[in-house]
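Working through the structure, step by step
Next come the chains, spelled out residue by residue.
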Amino acid sequence: MSRTAKRIVVVVSIAFFGLVLADTLGAFDQRDYFEVPHGNHSHFVPKDRDTSIPISQFPTRPPNDNERILPDGQIVPR
């Protein structure tokens, strides 16, 4: 394998793993909430949550398409 081919493989590999890392961190996530696993269930927390409210106070179901989660954990219509 030539030096140029090795460099291309390295650059493509770095780009691929960069995209995988960005996706893992939620860079491409369009939802306005994220899921937090909590024992045998999950809580659905808005990205702009009020940090003074514990995670356990947030809903255990995701909002429907016509709903949203407020920073205090209430699910309300859009």
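Right, let's walk through the structure included here. (Residues numbered from 1 in each chain as written. Predicted model: local features only at pLDDT ≥ 70, side-chain atom pairs only at ≥ 80, totals over all residues. Heavy atoms only, no water.)

When helices and strands are tallied, the protein shows one helix and four strands. Mapped in sequence order, the helices and strands of the protein form the string α-β-β-β-β. Taken over the C-alpha trace, the protein has a radius of gyration of 19 Å; the compact-globule value for 78 residues is 12 Å, which it surpasses by more than 25%. Projected onto its principal axes, the C-alpha positions of the protein cover 60 × 30 × 20 Å. Out of the 78 residues in the protein, the part that is buried amounts to 21%. Across the protein, the 9 positively charged side chains and the 9 negatively charged ones have centroids separated by 15 Å. (Helix = DSSP H or I, 4+ residues; strand = E, 2+ residues; numbered from the N terminus. Rg over C-alpha atoms; globule rule 2.2 N^0.38 Å. Buried < 20%, exposed > 50% of the residue type's maximum accessible area, 1.4 Å probe, protein only. Lys, Arg positive; Asp, Glu negative; His and termini not counted. Charge placed at Lys NZ, Arg CZ, Asp CG, Glu CD.)

Looking now at the pattern of salt bridges. Counted by the stated rule, this structure contains three salt bridges. Two residues, aspartate 29 and arginine 31, come together in a salt bridge whose shortest N-O distance is 3.3 Å. Its relative accessible area of 28% is what places aspartate 29 among the partly exposed residues. For glutamate 67, the salt bridge identified is with arginine 61, shortest N-O distance 3.1 Å. On the basis of relative accessibility, which here comes to 16%, the residue glutamate 67 falls in the buried class. Here arginine 61 falls in the partly exposed class, since its relative accessible area comes to 37%. (Salt bridge = Lys/Arg side-chain N within 4 Å of Asp/Glu carboxyl O.)

To continue, consider the pairing of strand β2 (residues 41–46). Within β2, five of the six residues are buried, which leaves it mostly tucked inside the rest of the structure. Between strand β1 (residues 33–38) and β2, which pair antiparallel in sequence order, lie two residues; one of them, glycine 39, sits at a positive phi of approximately 70°. (Pairing = 2+ DSSP bridges.)

A few words now on the environment of arginine 3. With respect to the helices and strands, arginine 3 occurs in helix α1 (residues 3–24). A relative accessible area of 65% places arginine 3 in the exposed class. Once the C-alpha coordinates of arginine 3 and proline 37 are considered, the two residues, 34 residues apart in sequence, prove to be 46 Å apart.

Take the packing of aromatic side chains next. All told, the structure shown has two aromatic pairs when counted by the stated rule. When the centroid spacing of 5.2 Å and the interplanar angle of 75° are considered together, the rings of phenylalanine 16 and phenylalanine 17 count as edge-to-face. Residue class for phenylalanine 17 comes out exposed when judged on its relative accessible area of 55%. With centroids separated by 6.0 Å and ring planes inclined at 70°, the aromatic side chains of tyrosine 33 and phenylalanine 44 adopt a geometry described as edge-to-face. With tyrosine 33 in strand β1 and phenylalanine 44 in strand β2, this residue pair connects regions lying eleven residues apart in the sequence. Sitting above the plane of the tyrosine 33 ring, arginine 31 keeps its charged end 5.1 Å from the centroid. (Phe/Tyr/Trp six-rings, centres within 6.5 Å; stacked < 30°, edge-to-face > 60°. Lys NZ or Arg CZ within 6 Å of the ring centre and 35° of its normal.)

Function cannot be inferred from these measures alone, as they are strictly geometric.
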